[in-house]
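Residue strings, one per chain:
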Amino acid sequence: MAQAIKQSSIPATMRALAIAAYGKPSTYGIATVPTPQITQPDEVLIKVHATSVNPIDIVLASGALKMATKDTFPFILGYDAAGTIVAVGSGVHDLKVGNEVFTRAPNHLRGTIAEYCISSASATARKPASMTFVDAASIPLVGLTVLQAIRRADAELDGGLKGKTVFVPGGLSGTGSVAVQLLRNVFGAKKVITTLSPGKMERAKELWKDGEGEVVYLDYTKDDVNSAIGPKTVDFMLDTMASAMESLPLIRHGGVIVTISKTPSGDELKAKFKSAPWIMVALLNLVDGVNRWRASRHGVKYSYMWMNADGKGLEDLGTWVEEGKIKPLVGNIAQLEDMEAVKEGFEEVQKGKGGIGKFVIKAL
Ligand SMILES: NC(=O)c1ccc[n+]([C@@H]2O[C@H](COP(=O)([O-])OP(=O)(O)OC[C@H]3O[C@@H](n4cnc5c(N)ncnc54)[C@H](OP(=O)(O)O)[C@@H]3O)[C@@H](O)[C@H]2O)c1
């Protein structure tokens, strides 16, 4: 079924961040595991050059969602990858062996923090030649999430996002940094308000000194953010820091909140993880229903967004990176074999404080 670069050049085993039991980053380790093989016509096998870490990797590896995910072990972490295709399934026509690509693997193909990974062709895009593998690895999961959330708001807001005021907390977080740039330079927002800790203010101002629209920087550790923004002045809030309910008074009547950081609705969970137990689905639907009701009392449309793997969206993001509209933001970089540095990077992501942009792990 698969067309391989040279079958002999794909080793039978590979090194991967593979855990034998659920645990915290301090328990993670590198293991030698079988190299994954293509089993479906639409799959591609990628030699990974770089991969990046997302909070969900740590949540899943902790076992917090085990009732819904029903994982098997060894459990290889990771969804993002940038690398070179070394084999394609029989149904793949637009991608070829040797193509440099980036991907957010679909949920059932998790396991990109490794020397090789499988993704589906429809979740994979050609990497622009001008983008490094490290930069490309930093984009997929966060880029697709904020792109899908912003497109939803663009469709739901009267007149779309052009000329509007937007609030995105955590401007130098993995999601926040792509969102601020997309909103200004692609979707035409007039003003983007963001929050940062004081040590990051100057870095953000330097990074974003050029570009469309105004950026307002607030120090969330000292400023009274709600007073500084003012009631009913924001058209769209992209909730990256689970603060949607506290920010409700800021959103004007008819405005939109898309949260990526509060708990998903039960239906969203079920759509991603078929074996989610009914009680979990019911409870999450209840919490989500209360949040929607609270928002509706302010005249605000509230919804949770769980990103979908999507190669077409990645192509769009790659084009905007090439055009200089998005600059990938990479913070820590570690080599896969350097477990001390890998664990440190994961621990910073787990803390949710102090990091800048994305933590990237190089497999080559
Ligand atoms: N729904 C989805 O499909 C989806 C997809 C991606 C991510 N997410 C979720 O979205 C959230 C953000 O993800 P991420 O990848 O952007 O995380 P991240 O990069 O790990 O975010 C960490 C950063 O957030 C900043 N931060 C922490 N608390 C803050 C606050 N109260 N106000 C402003 N900034 C604050 C920290 O900066 P300081 O050091 O300055 O405090 C830190 O650098 C996570 O909950 C993640 O699970 C959901």
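See above for the structure.
The present account deals with the structure reproduced in this document. As the structure is a computational prediction, the values presented were derived from the model and not from experiment. (Residues numbered from 1 in each chain as written. Predicted model: local features only at pLDDT ≥ 70, side-chain atom pairs only at ≥ 80, totals over all residues. Heavy atoms only, no water.)

On to helix H9 (residues 278-297). Between the first and last C-alpha of H9 there are 29 Å, a value that for 20 residues agrees with the 28 Å anticipated at 1.5 Å per step. Of the residues making up H9, those classed as buried are Met280, Val281, Leu284, Asp288, Asn291 and Ala295. The buried residues of H9 occupy an angular sector of 95° when projected down its axis, which confines them to one face. Turned more than 90 degrees away from the buried face of H9, the exposed residues are Trp278, Leu286, Trp293 and Arg297. The secondary structure elements touched by the buried residues of H9 are helix H2 (66-69), helix H8 (266-272) and strand E15 (301-304). (Helix = DSSP H or I, 4+ residues; strand = E, 2+ residues; numbered from the N terminus. Expected span 1.5 Å × (residues − 1). Buried < 20%, exposed > 50% of the residue type's maximum accessible area, 1.4 Å probe, protein only. Arc of directions from axis to C-beta. Contact = heavy atoms within 4.5 Å.)

Read across the open sheet, the three strands follow the order E3-E2-E5; overall the sheet is antiparallel. Looking along the sheet, the strands with just one partner apiece sit at the ends: strand E3 (30-34) and strand E5 (75-76). Bridging between strand E2 (residues 13-19) and E3 involves five bridges; their strand directions are antiparallel. Of the residues in E3, the one forming a bridge with Ala16 is Ala31. (Pairing = 2+ DSSP bridges.)

To continue, consider the environment of Leu238. Within the secondary structure layout, Leu238 lies in strand E13 (residues 234-239). Spatially, the C-alpha atom of Leu238 lies 37 Å from that of Arg15, the residues being 223 residues apart in sequence. Residues contacting Leu238, with those up to four places away along its chain left out, are Val146, Ala149, Ile150, Phe167, Val168, Pro169, Ala179, Val258 and Ile260.

Before going further, it helps to examine a nonpolar patch on the surface. Taken together, Met67, Trp278, Ile279, Leu283, Leu286, Val290 and Trp293 make up a surface patch of nonpolar side chains, about 800 Å² in accessible area. When residues in the nonpolar patch are grouped by element, the largest group, six residues, is from H9. Within the secondary structure, Met67 is located in helix H2. (Patch = residues over 30% accessible without salt bridge, like charges linked within 9 Å, V, L, I, M, F, W, Y side chains within 5 Å. Areas by Shrake-Rupley, 256 points an atom, 1.4 Å probe, with all protein chains shown as cover. Salt bridge = Lys/Arg side-chain N within 4 Å of Asp/Glu carboxyl O.)

The next subject is the nonpolar core. Residues Ile150, Leu182, Phe236 and Phe346 are the most contacted members of the largest nonpolar core, which totals 94 residues. The element contributing the most residues to this core is helix H4 (residues 140-156), with eight residues. The residue makeup of this core includes at least three contributed by each of domain 1 (3-139 + 328-362) and domain 2 (141-304). Setting aside chain neighbours within four positions, we find Phe236 in contact with Ala149, Ile150, Ala153, Leu157, Leu161, Thr165, Val166, Phe167, Leu183, Val256 and Val258. Counting residues in hydrophobic clusters, the runner-up holds 16 residues, among them Ala244, Met245, Val300 and Tyr302. (Core = buried A, V, L, I, M, F, W, Y, C linked by side-chain atoms within 4.5 Å. Domains from an automatic or database assignment.)

Geometric values such as these leave the question of function open.
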